[in-house]
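Next come the chains, spelled out residue by residue.
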Amino acid sequence: MLRAVSVGMLSYYHDGIVYASVWSTLKATRVKLPSRYLRYLAIGALCNRPARYPKRSRDQRIYMTARPVLKAFEGTRVELETQHPLETVLHRLRDACGRSSAGEIASLAQNARDLHAFEEEVKVRYVGRSGFMIFGEFDHGAWLGIYGIRRPAVRVILGNPLIAIKMMKLDVTAGLFAPVELLLCQRRNGSGTTAVYVRPSTLICTTENVDLHAAAVALDDKLEKLVLDVCS
């Protein structure tokens, strides 16, 4: 009996709190518990409010609630250099892509009449001629200067939910790398631009899945074509 009640108590102590109602239950069952348990129960009963129980250490809590699974993979980094200045490449990229935000896409999905209406609205309102839309830009160059780094650099988040769904319906964790990212930075010699990105399929396909790989490779090709176009 002691073993069973103790296990139940420990689960009730979750997050370090125990409620006074447990005290009356134990009195009725006349179960004997170690004094350190009774002390915290008694405090709660007298105060008629939750009593604090010694919390587990951070390491104990992490070990008991989550166990990470490690999966190694190799990403393929692609770099492309062009003589065009960053401003020109960025302008071309913006011109080739539409613009949207995660909030706008979510709102459109929630208010669309049906799936067909949603997809048509995405194509008409947000998708650019490249098949992508820009979700955001992070201007690293705006803050790097204070550290003495005088190289303009802009990280661009771009994608298309109609492309992402082809992969996420096969493996929802593909959403970790969709939308994709592209970094445009001034070359070290101060002339021209370097475009850098990681090939999406090498990030998304961490298991043997032929259909997922085919969809991811199609994204590879589409992204490569966009980068070549804006850098040429």
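None of these values were measured; they are calculated from a predicted model.

So, the sheet that holds strand β8 (residues 193-198)
Read across the open sheet, the six strands follow the order β3-β8-β7-β6-β5-β4; overall the sheet is mixed. The outermost strands of the open sheet, each flanked by one partner alone, are β3 (77-82) and β4 (98-99). Bridge count between β3 and β8: six bridges; the pairing is antiparallel. For Leu-80, the partnering residue across the bridge sits in β8 and is Ala-195.

Concerning helix α11 (residues 210-231)
End to end, α11 covers 32 Å across 22 residues, agreeing with the expected 32 Å (1.5 Å per residue, within 8%). Sitting at the amino-terminal end of α11 is Asn-209, which places a side-chain oxygen 3.3 Å from the backbone nitrogen of Asp-211.

A word on the pairing of β8
β8 sits mainly inside the fold: five of its six residues count as buried. Counting the residues that bridge the hairpin from strand β7 (residues 180-186) to β8 gives six residues, and of these Gly-190 lies at a positive phi of roughly 85°.

A short note on the pattern of salt bridges
Under the counting rule described, the total for this entry stands at 10 salt bridges. Arg-99 is paired through a salt bridge with Glu-137; the nearest N and O atoms lie 2.8 Å apart. Of the two residues, Arg-99 sits in strand β4 while Glu-137 sits in strand β5 (residues 133-139), which places them 38 residues apart along the sequence. Residue Arg-99 is classed as partly exposed on the basis of its relative accessible area, which comes to 45%. Salt-bridge contacts for Glu-121 lead to Arg-125; the nearest nitrogen and oxygen are separated by 3.5 Å. Pair noted here: Glu-121 and Arg-125 are both in helix α7 (residues 115-125), with a separation of four residues, about one helical turn. Accessibility expressed as a relative area gives 30% for Glu-121, which makes it partly exposed. The network of salt bridges with common partners includes Arg-94, Arg-99 and Glu-137.

Rules behind the numbers
Residues numbered from 1 in each chain as written. Predicted model: local features only at pLDDT ≥ 70, side-chain atom pairs only at ≥ 80, totals over all residues. Heavy atoms only, no water. Pairing = 2+ DSSP bridges. Helix = DSSP H or I, 4+ residues; strand = E, 2+ residues; numbered from the N terminus. Expected span 1.5 Å × (residues − 1). Polar contact = N/O pair within 3.5 Å; in protein donor to acceptor, adjacent residues only side chain to side chain. Buried < 20%, exposed > 50% of the residue type's maximum accessible area, 1.4 Å probe, protein only. Salt bridge = Lys/Arg side-chain N within 4 Å of Asp/Glu carboxyl O.

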